[in-house]
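Examination of the molecular architecture
Below are the chains, spelled out letter by letter.
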Amino acid sequence: MRVRGTVQAVGFRPAVQLLAARLGLAGSVRNDGAGVWIEIEGAPEALTSFCAQLKIDAPPRARIESVEHASIAARGETRFRILPSGELGAGGARAPADLAPCDACLAELDDPNDRRFRHPFINCTDCGPRYSIIRDLPYDRSRTTMDVFLPCPACRREYEDPHSRRFHAEPIACPACGPQLRYLVQGQPPIGGEAALAAAVQKILEGGIVAIKGAGGFLFAVDAQNELQVARLRARKRRPHKPLAVMARDLAWAERLALLDEPARRALTDPARPIVIVPLRPGAPLAPSVAPGLREVGLMLPSTPLHQLLLQDGPAWQVMTSGNRREEPIACDDATALSRLGEIADGFLTHDRAIHTRVDDSVVRVVAGAIQPVRRARGLAPDPIPAEWATTPLLALGGELKSTICLARGGEAFVSQHLGDLGGQAALEFFEETVEKLARLVGARPELVAHDLHPDYRSTRFALDRGLPRIAVQHHHAHVASCLAEHGRFGPAIGVAFDGNGCGPAGEQWGGEFLFADLSGFRRHGHLRPLRLAGGDRAVTEPWRLALSALKDAHLDARRLARIEPARRRAVERLLAADLSSPKTTSAGRWFDAVAALCAVRDEISYEAQAAIELEALAQSGAHEPFPFLLQSAEPFAIDLRPAVRGVLEALDRGVPVGEIAARFYETMAEVVASGCRRVRDATGLELVALSGGCFQSARLTERSCARLRRDGFDVLLHRRVPPTDGGLSLGQAAVAAHQSPNRRSAHVPRHPR
Ligand code: ZN
Ligand code: ZN
Ligand code: FE
């Protein structure tokens, strides 16, 4: 039997052995490069029961995608054995994602009579590190960074005992044989073992910043109630506003900070342990600097046994934020951490189990009643997405910001963990390294490269150097395709891509698009009225320039922006008047920026989409009247938002609270989405809508648009597996390239090497 799916590192082989023993069957099971290979012999009715029972008896973390079987001559086996892994085959094995400690391990961690009482590296076949420590497949201890630790006799016995929870748990460890903690402070001798944990806890309680080695990299920890220390962490990290995540001791402590609904609770306790963005409880006792200006907080529960101990012994709420300097990837080895993070952290809690693959924390939020990824990383990547179009092995390189890559082969698409913005050298190296590592792990030798149309993206330049056939995919087509592909749809659909910025086919700037699209192509039916970026990219970081641009566009008085220094304002007015370095963009994100600045919510930003996020945070709840706008009939149609700008100003003049104006503007954009879709439906008859692009990271915009569209009879697809942002682009590029590839092959199933 050939079993494919998530069947390695989830306790599948022991489950197979127990089932065989129960039915009195003989044979063997082993992992190989394609999944799990089973040979089984015995009475025919027992064999039939075995096949029927296999999926039912599979362990909870296993996901069987297919089982094929064939008859071979009986070998005369008398018992059932787990064999060592076969050699790496044609590819198909899984590098499973890292999993937080399971309940059984947590109970042992807390039990003074257990030999793993307070062992920071406790794990079993249901939990523990995976993707971050796997060097190669098939998944065996010898191919992980645990290979340097020799299991003690007690661990060895559990590893070999089919009735143990740790039967073939590859990273098995205990205090006698496992990795050891170390607490490091520059210029002082290292502290080891329990004392290391105690020293780190002490430092956090004293108000220090400690860098903790987590599953996929270092995180900075400080007491989340200590305003002075949170502010100090922000200053040292040079991150003035972007919200920080908080780790809570357990669900009960999380509930004290935030208003949780059922999907949020499920996400918080999921073995992936993502950061879940949830509404703050009014009056929650958090330092104000954790999420300034926002009514939400990113919460998570302990993601490793080490964090569990840290949260038990130290403050019950700790800020946990990526251990990196601005623009750099998260540090994952001691040497880098000590040299790059020494000015930020007061101490380092580390250990001697190496991280092979760097993985940030994942971030999700509840949108329209279900989870939507914001950042897909630890615990979620690189779980594959079914992709029947993935026949020719191909590599898609994503965009420039929130970068990910995607490798597709054999009916599956593997989207990498979040790789960050490709600005600096270190980020670029992480990107290149991930292309190599992921290709090796999924056994894909790409024959085709997909990339964005933008010639200056570093990912595009990387594609040009591959020496492979290339396909350039338009940015917003890729966004819409990513949404279709994750739902296993081909289209056609009405694709609404509301985004920051992306390159159009003729080099123009797009980002508020209504497309007729399927996985092989698209036609642009409409877009938002373009806004001019006064001063180019500076308009993106200084939304007041967009407010000025919107005022000029609507023939309104620029003196509305009296708070901006007159000389600066006039300089930008001159740029607009002379049409100098003021490129046009149809970006929806820029309209949100313009309105946020018109309402004096934010003139300059320090992180992406900050103005829109803060505008949304102010927006009152409940139903609100949209501002007017015009749908101009042309081909492609344009949606003119100038009436809405006038509406915003009138409301401001009447003294309407900004919270109400914000709510009305979000309602306006939802109405814009619905009326654009109605127009495309009139022209095409399509009823299916896919919402994608960075703007749909906003729960409010997504939920309001979705409600409006459903009321109009549309069928709406929202992102559930990859983010709507550029983090999902690589999947969309892969899907489009697979359909545009000149040498499309029909699907074929690789055979077992035997
Ligand atoms: Zn466990
Ligand atoms: Zn041991
Ligand atoms: Fe985008």
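Residues numbered from 1 in each chain as written. Chains lettered and ligands numbered in written order. Predicted model: local features only at pLDDT ≥ 70, side-chain atom pairs only at ≥ 80, totals over all residues. Heavy atoms only, no water.

Regarding its fold elements, the chain presents 22 helices and 31 strands. Taken over 754 residues, the chain has a buried fraction of 61%. By sequence separation, contacts in the chain at least 24 residues apart represent 71% of the contacts at least 6 residues apart. For the chain, the exposed surface amounts to about 28,100 Å²; the carbon and sulfur share of it is 51%. Measuring between centres, the 94 positive side-chain charges of the chain sit 1 Å from its 88 negative side-chain charges. (Helix = DSSP H or I, 4+ residues; strand = E, 2+ residues; numbered from the N terminus. Buried < 20%, exposed > 50% of the residue type's maximum accessible area, 1.4 Å probe, protein only. Contact = heavy atoms within 4.5 Å. Areas by Shrake-Rupley, 256 points an atom, 1.4 Å probe, with all protein chains shown as cover. Lys, Arg positive; Asp, Glu negative; His and termini not counted. Charge placed at Lys NZ, Arg CZ, Asp CG, Glu CD.)

So, about the sheet that holds strand β9 (residues 218-223). By way of backbone hydrogen bonds, the strands of a sheet pair with one another, either parallel or antiparallel. A sheet is described by the order of its strands in space; here eleven strands give the open sequence β7-β6-β14-β8-β9-β13-β10-β12-β11-β15-β16, paired in mixed fashion. Each edge of the open sheet is held by one strand with a lone partner, namely β7 (191-192) and β16 (370-375). Pairing between strand β11 (residues 275-279) and strand β12 (residues 296-300): four bridges, direction antiparallel. Bridge assignment links P279 to a residue of β12, and that residue is E296. The strands touched by helix α5 (residues 193-205) are β6 (181-184), β7, β8 (210-213), β9, β13 (317-322) and β14 (347-351); relative to β6, the strand with the most contacts, the crossing angle is about 45 degrees. The strands touched by helix α10 (residues 334-341) are β6, β8, β9 and β14; relative to β14, the strand with the most contacts, the crossing angle is about 170 degrees. (Pairing = 2+ DSSP bridges. Axes fitted to C-alpha atoms, helices over the stretch in contact; angles between N-to-C directions.)

Attention now goes to the domain arrangement of the chain. In many reports, interface size means the accessible area that the parts give up when they come together. Parsing the chain into structural domains produces domain 1 (2-82), domain 2 (95-361), domain 3 (364-482 + 726-736) and domain 4 (530-670). Facing eight residues of domain 2, the contacting portion of domain 4 comprises ten residues. Together, the buried faces of domain 2 and domain 4 total about 670 Å²; carbon and sulfur atoms form 52% of this surface. The largest per-residue losses of area from domain 2 upon contact with domain 4 belong to H241, L294 and R295, which jointly make up 59% of the total buried on that side. At the boundary of domain 2 and domain 4, one finds zero salt bridges. Considering only residue class, the side of domain 2 that touches domain 4 consists of three nonpolar, two polar and three charged. (Domains from an automatic or database assignment. Buried area = accessible area lost by both parts, 1.4 Å probe. Salt bridge = Lys/Arg side-chain N within 4 Å of Asp/Glu carboxyl O. Nonpolar A, V, L, I, M, F, W, Y, C, P; charged D, E, K, R; others polar.)

Donor atoms from the polypeptide that bind the iron ion (ligand 3) are H475 (NE2), H479 (NE2), D499 (OD), D499 (OD) and D726 (OD), placed at 2.0 to 2.8 Å. The sequence pattern describing where the donors of the iron ion (ligand 3) fall on their chain is H-x3-H-x19-D-x226-D. Of this pair, H475 sits in helix α13 (residues 475-486) while D726 sits in the loop between β31 (715-717) and α22 (729-740); the two residues are 251 residues apart in sequence, bridging distant segments of the chain. Look at H475 and you get buried, because its relative accessible area is 0%. We classify D726 as buried; its relative accessible area is 12%. (Donors = N, O, S within 2.8 Å, 3.2 Å for Na, K, Ca; no water.)

Looking now at the sheet that holds strand β18 (residues 394-396). Within the open sheet, the six strands sit side by side as β17-β20-β19-β18-β21-β22. Their pairing is mixed. The open sheet has two edge strands, β17 (385-386) and β22 (470-473), and neither has a second partner.

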